[in-house]
Amino acid sequence: RRLVSGLTKTRDNIVSGMDSIFHGFSRIDDDFYEELEETLIMGDLGVRATMDIIEDLKEKVKEQHIKEPLECRQLLIDSIREQMDVGETAYEFENRTSVVFVIGVNGVGKTTTIGKLAGKLKDQNKKVILAAADTFRAAAGEQLREWANRAGVEMIGGQEGADPASVVYDAVAAAKARKADVLLCDTAGRLHNKKNLMEELKKINRVIDREYPDAFRETLVVLDATTGQNALAQAKEFNEVTDITGIVLTKMDGTAKGGIAVAIQAELGIPVKYIGVGETIDDLQKFDSEEFVKALFY
Ligand code: GDP
């Protein structure tokens, strides 16, 4: 499976270290827990999630009277899985008329992700309209148009510097006229001016409230997994600006920092909905915590 091959480095990073601890220690003591903790933090699971996982492991060890370090392996895997639990994850935009906002800072893979998502939905026989509402960057619209062509979907754009809300307004009109299933909006992600970003998103949201009141709404934040803890920090900042309903972690192929998926779900309680595993249109996968844990540890 591609998910497994894409996670090779993350697997090496977390699991190899973990297993050498399980095999290297002859008893469960403070040093044992400390080394495990260090391995998880180095594996980008985040400080808070790591602390919770280790606490939970300690409790399980105590309750179940575990004596052998190796017996902790399964317990640790269970704790990681529990930390990742964000409840049921809905993908309703695949089932009814939906508006999906995609946010992310430059270079994280936002445009690529929108293209991949458009292709995926098109493959499911959905009618997709793209709105190029990140009008701040000159090249953004052009690049998105290339992806729209690749995916075979229509794109509505505006002039550079145009009001993003007016682009969305035009896109909604097109979506209604074509009876589109999904309106995918490329929106800005300029975190250095949070107040502006907040206002911009509010304004776009008002257009949707007015024009598309019954649509299912989704706000996806795209994060670059290779940036590790920085991706977690970005997720937190975006979460202060707007209500995020899902995360897309890009560049999971070839990074050793895939553990960030654990940190994000544990700390923010927001589901990672997709992962990017390459640069082509097919390289977007639905993320599933259970499968992720399996791919890493089994
Ligand atoms: P944007 O500035 O956020 O819109 O980023 P782009 O979509 O232009 O992507 C930036 C770079 O990252 C491009 O070279 C993409 O091909 C690359 N990229 C995006 N997603 C992935 C991914 O999942 N894996 C890999 N390896 N590269 C990716």
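Residues numbered from 1 in each chain as written. Predicted model: local features only at pLDDT ≥ 70, side-chain atom pairs only at ≥ 80, totals over all residues. Heavy atoms only, no water.

Applicable threshold: UniProt positions are given in the numbering used here, feature names are shortened, and annotations may be inferred rather than shown by experiment.
Looking at an unreviewed UniProt entry, the protein carries the name Signal recognition particle receptor FtsY, with the source organism given as [Ruminococcus] lactaris ATCC 29176. The Catalytic activity (unreviewed entry) comment attached to the protein in UniProt states, word for word, "GTP + H2O = GDP + phosphate + H(+)". Listed in UniProt under the heading Function (unreviewed entry), the comment for the protein reads: "Involved in targeting and insertion of nascent membrane proteins into the cytoplasmic membrane. Acts as a receptor for the complex formed by the signal recognition particle (SRP) and the ribosome-nascent chain (RNC)."

Regarding the nonpolar core
What counts is decided by this rule: To qualify as a nonpolar core, a set must consist of buried Ala, Val, Leu, Ile, Met, Phe, Trp, Tyr and Cys residues joined through side-chain atoms within 4.5 Å. When accessible area is computed with a 1.4 Å probe and restricted to protein chains, residues below 20% of their type maximum are described as buried, those above 50% as exposed, and intermediate ones as partly exposed. Under the DSSP-based scheme used, a helix requires at least four consecutive residues in state H or I and a strand at least two consecutive residues in state E, with every element numbered from the N terminus. The contact definition used throughout considers only heavy atoms, calling two residues in contact when any of these lie within 4.5 Å.
Counting 83 residues, the largest nonpolar core has Ile80, Leu130, Leu184, Ile247, Leu249 and Phe292 as its most contacted members. Top element by residues in this core is helix α11 (residues 260-268). It accounts for 6 residues. Contacts of Leu184, omitting those with residues within four sequence positions, involve Val100, Val102, Ile114, Leu117, Ala118, Val128, Ile129, Leu130 and Ala131. With 21 residues, the next largest nonpolar core counts Val167, Val172, Val207 and Ile208 among its residues.

Concerning the packing of helix α9 (residues 194-211) against helix α10 (residues 229-241)
We count it as follows: For helices, the fitted line uses only the C-alpha atoms of the stretch in contact; every axis is such a line through C-alpha atoms, and the angle between N-to-C directions lies from 0 to 180 degrees. By definition in this entry, angles of less than 35 degrees are roughly parallel, angles greater than 145 are roughly antiparallel, angles of 65 to 115 are roughly perpendicular, and the rest are oblique. Here is the rule for handedness: rotate from the far helix to the near one, and if that takes an anticlockwise turn smaller than a right angle the crossing is left-handed, while a clockwise turn gives right-handed. Residue polarity follows a fixed list, in which Ala, Val, Leu, Ile, Met, Phe, Trp, Tyr, Cys and Pro are nonpolar, Asp, Glu, Lys and Arg are charged, and the others, Gly among them, are polar.
Taken N-terminus to C-terminus, the directions of α9 and α10 make an angle of 55°; their axes are 9 Å apart at the nearest point. One way to sum up the angle between α9 and α10 is to call them oblique. Every pair of crossing elements has a handedness; the one defined by α9 and α10 is right-handed. Only Glu237, Phe238, Glu240 and Val241 of α10 make contact with α9, whose side of the interface consists of Lys194, Leu197, Met198 and Leu201. Tallied by class, residues from the contact of α9 with α10 come to 5 nonpolar, no polar and 3 charged.

Thoughts on the pattern of salt bridges
To be explicit about the condition: Salt bridge, as used here: a side-chain nitrogen of Lys or Arg that lies within 4 Å of a carboxyl oxygen of Asp or Glu.
With the rule as written, the count across this model stands at 22 salt bridges. Among the salt bridges present, the one from Glu82 reaches Lys60, with a minimum N-O distance of 3.2 Å. Here Glu82 is found in helix α5 (residues 72-83), whereas its partner Lys60 is found in helix α4 (residues 47-63), with 22 residues between them in sequence. A relative accessible area of 46% means that Glu82 is categorised as partly exposed. Using a relative accessible area of 13% as the deciding quantity, one classes Lys60 as buried. Residues Glu218 and Lys273 are paired through a salt bridge, measuring 2.9 Å at the closest nitrogen-oxygen approach. In this pair, Glu218 is assigned in strand β5 (residues 216-224) and Lys273 in strand β7 (residues 272-276), connecting sequence segments 55 residues apart. Comparing Glu218 with Lys273, the two get one shared label, buried. Each of Lys110, Asp134, Asp186, Arg190 and Glu200 takes part in one network of salt bridges that share partners.

Description of the UniProt feature "domain: SRP54-type proteins GTP-binding" (unreviewed entry) in the protein
Following the UniProt record, one finds the feature "domain: SRP54-type proteins GTP-binding" (unreviewed entry) at residues 271-284. For residues 271-284, helix accounts for 0% and strand for 43%, while the C-alpha atoms at its two ends are 16 Å apart.

Re the environment of Val153
Note on placement: Val153 falls in the loop between α7 (138-151) and β3 (154-156). By relative accessible area, Val153 is classed as buried at 11%. Residues Val153 and Glu63 lie 90 residues apart in sequence; the distance between their C-alpha atoms is 56 Å. Those residues in contact with Val153, other than ones at most four positions away along the chain, are Ala118, Lys122, Val128, Leu130 and Ala148.

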